[in-house]
Amino acid sequence: MHASTVSDTDHATLPSDSVTPLPDFATRLVRWQRHSGRHDLPWQVRDPYRVWLSEIMLQQTQVATVLDYFERFTARFPTVQALAAAPEDEVLAAWSGLGYYRRARHLHRCALIVVETHGGVFPQTAESLATLPGIGPSTAAAIAAFCFDERAAILDGNVQRVLCRSHGVADPVPSTATTRKLWSLARSLLPQAPDIAAYTQGLMDLGATVCKPRQPSCGACPFAGDCRARLSGDPQRLPLRRPTRKSRPMRHTVMLWLRQPSTGLNWLERRPPQGIWPGLWSLPQFDTAQQALQFAARLGQVIGHQELATVRHAFTHFELTILPLRVELQARPGAAEPQGQWLDLDEATRLGLPAPVRSLLMQPIATAPLPSLLQG
Ligand code: SF4
């Protein structure tokens, strides 16, 4: 691009109150998708169960990771009936590692409603799909477009980026006003029904493979000639992010990994349905190492203990610094706490576990005895 072109066309970014659709946007995108888009993803079928699963998995996870989980998940739960019939623990275990466990709980609840209220058949309109747990308007539209050819608009993060750039929408995101404007633009661009599946897939493909957050491959884009962000000379500038908030607050916890060396059993507890990692099995947490050791002493005689390397885990609204404390003990017969139980590692790793807990439990166990409490 010539330097003069850049400065001449800085005004190509439109004022915030008007969005003029690019000519033939849908036609160009559909043509591009048929020629250059993705066609071999395992959820590219007219089966609402598989499309729904993939859409939920893809909400916060990259395609490359989802591919693996999707295959295993659908092998284990091949139909919505199989998913609904499974205990929640089994669903959480199959989801384990994908994170954002509320998605898995919603998934299970949604499967139950589809089976119990809709006779095992997914509703066929975006409007009715959006009434199900965990299905927002964009996911509902994707299912309706792919499976039932409904002219319904999607607007996930990738699509938002493509629309902001191609149409030069320079309003800050996230914001209610910008979202409303983008929904309206997304609806105005829809093609006729026969092309809706290719169009919807095209938007997803373009956002994921060409119009990437950083260094978009504009040369491969069907809108390269008139994309308003590209003409402005700095496509990456859009979407315009609101000034970032202060860094996430930090929280600390001591995680107690209590183990009986004589049996190899580990103490795990079921987390409450609210809060972080709802309903998952985890190691008990404490504010201090002393509290953790006092708890351990209620279950048996502590033989030794060791602080392991600190682990950092990021949540949406805060970061958690975990200090793992491995404690070996001789369990006292009959000693128990209502919220937990002793499990061997095989049993434990088959449960839904938070990712950092799973990694901890998979660490090789040192064979040398831990330093005695009496020494330390
Ligand atoms: S030309 Fe570049 S910035 Fe514009 S939509 Fe295409 S990939 Fe994105």
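Residues numbered from 1 in each chain as written. Predicted model: local features only at pLDDT ≥ 70, side-chain atom pairs only at ≥ 80, totals over all residues. Heavy atoms only, no water.

(A) View of the overall build of the chain. On a plain count of helices and strands, the chain comes out with 16 helices and ten strands. The C-alpha extent of the chain, read off along each of the three principal axes, is 75 × 55 × 35 Å. The 376 residues of the chain split such that 49% are buried. Sequence-distant contacts, at least 24 apart, represent 71% of the contacts inside the chain between residues at least 6 apart. Accessible surface, the chain: about 18500 Å² in total, of which carbon and sulfur atoms supply 52%. Computed over 38 positive and 31 negative side-chain charges, the separation of the two mean positions in the chain equals 4 Å. (Helix = DSSP H or I, 4+ residues; strand = E, 2+ residues; numbered from the N terminus. Buried < 20%, exposed > 50% of the residue type's maximum accessible area, 1.4 Å probe, protein only. Contact = heavy atoms within 4.5 Å. Areas by Shrake-Rupley, 256 points an atom, 1.4 Å probe, with all protein chains shown as cover. Lys, Arg positive; Asp, Glu negative; His and termini not counted. Charge placed at Lys NZ, Arg CZ, Asp CG, Glu CD.)

(B) Spatial organisation of the packing of aromatic side chains. Across all of its chains, the model carries twelve aromatic pairs by this definition. Plain terms: the ring middles of Phe25 and Tyr199 are 6.4 Å apart, the flat faces sit at 70 degrees to each other, and that makes the pair edge-to-face. Of this pair, Phe25 sits in helix H2 (residues 25-36) while Tyr199 sits in helix H12 (residues 196-210), and the two are 174 residues apart along the sequence. Neither residue differs from the other here; Phe25 and Tyr199 are each classed as buried. By way of ring pairs, the aromatic residues Trp267, Phe286, Phe295 and Trp342 are connected into one cluster. Against the face of Tyr69 rests Arg72, its NZ or CZ located 4.9 Å from the ring centre. The aromatic ring of Phe318 is capped on one face by Arg251, whose charged end is 3.7 Å from the ring centroid. (Phe/Tyr/Trp six-rings, centres within 6.5 Å; stacked < 30°, edge-to-face > 60°. Lys NZ or Arg CZ within 6 Å of the ring centre and 35° of its normal.)

(C) Local environment of the site of the ligand. The environment of the ligand is formed by Arg165, Val210, Cys211, Cys218, Cys221, Ala224, Cys227, Arg230 and Pro235. Here the shell around the ligand is built from residues that sort into seven nonpolar, no polar and two charged. (Near = heavy atom within 4 Å. Nonpolar A, V, L, I, M, F, W, Y, C, P; charged D, E, K, R; others polar.)

(D) Quick look at the environment of Arg242. Considering the arrangement of structural elements, one finds Arg242 in the loop between strand S2 (240-241) and strand S3 (250-260). Residues Arg242 and Pro174, spaced 68 residues apart in sequence, show a C-alpha to C-alpha distance of 6.9 Å. Not counting residues up to four positions away in its chain, the partners in contact with Arg242 are Pro172, Val173, Pro174 and Ser175.

(E) Region of interest: helix H10 (residues 157-166). Burial within H10 is extensive, with eight of its ten residues counted as buried. Among all positions in H10, only Val159, Gln160, Arg161, Val162, Leu163, Cys164, Arg165 and Ser166 are buried. Those residues of H10 that are buried lie in contact with H2, strand S1 (172-173), helix H11 (176-188), H12 and helix H13 (228-231). N-cap assignment for H10: the residue whose side-chain oxygen lies 3.2 Å from the backbone N of Asn158 is Asp156. Following H10 by one or two positions, Gly168 adopts a phi angle in the positive range, close to 60 degrees. (Polar contact = N/O pair within 3.5 Å; in protein donor to acceptor, adjacent residues only side chain to side chain.)

(F) View of the confidence of the model for the chain. Looking at the chain as a whole, the pLDDT averages 89, with 91% of positions reaching at least 70. Low pLDDT, under 50, characterises residues 1-16; the predicted model gives this stretch 23 contacts beyond four residues in sequence or across chains. (pLDDT = per-residue confidence, 0-100.)

(G) Molecular detail of the UniProt feature "domain: HhH-GPD" (unreviewed entry) in the chain. Listed under "domain: HhH-GPD" (unreviewed entry) in the UniProt record, and renumbered for this structure, are residues 57-209. A distance of 18 Å separates the end C-alpha atoms of residues 57-209, which is 65% helix and 1% strand. (UniProt positions renumbered as here; feature names shortened; annotations may be inferred.)

(H) Representation of the pairing of strand S9 (residues 319-331) in the model. Taking burial as the measure, the 13 residues of S9 include ten buried ones, the bulk of the element. In the sheet, S3 pairs with S9 via ten bridges, with the strands oriented parallel. Each bridged residue has a counterpart across the sheet, and for Trp257 the counterpart in S9 is Arg326. As paired strands, strand S7 (residues 300-307) and S9 are joined by seven bridges and run antiparallel to one another. Opposite Gln301, over in S9, you have Gln330 as the bridge partner. Relative to S9, strand S8 (residues 311-314) runs antiparallel, the two being bridged by four bridges. For His313, the partnering residue across the bridge sits in S9 and is Leu320. (Pairing = 2+ DSSP bridges.)

(I) Expanded view of the pattern of salt bridges. Counted by the stated rule, this structure contains 13 salt bridges. Salt-bridge contacts for Arg72 lead to Asp68; the nearest nitrogen and oxygen are separated by 3.1 Å. Linking Arg72 with Asp68, this pair stays in helix H4 (residues 63-76), spanning four residues, or about one helical turn. Note that Glu90 and Arg76 form a salt bridge whose closest N and O atoms lie 3.9 Å from each other. On the criterion of sequence distance, the pair formed by Glu90 in helix H6 (residues 88-95) and Arg76 in helix H4 is long-range, its members being 14 residues apart. Residue class for Glu90 comes out partly exposed when judged on its relative accessible area of 31%. Judged by its relative accessible area of 42%, Arg76 falls in the partly exposed class. One salt-bridge network, in which partners are shared between bridges, spans Arg248, Arg312 and Glu319. (Salt bridge = Lys/Arg side-chain N within 4 Å of Asp/Glu carboxyl O.)

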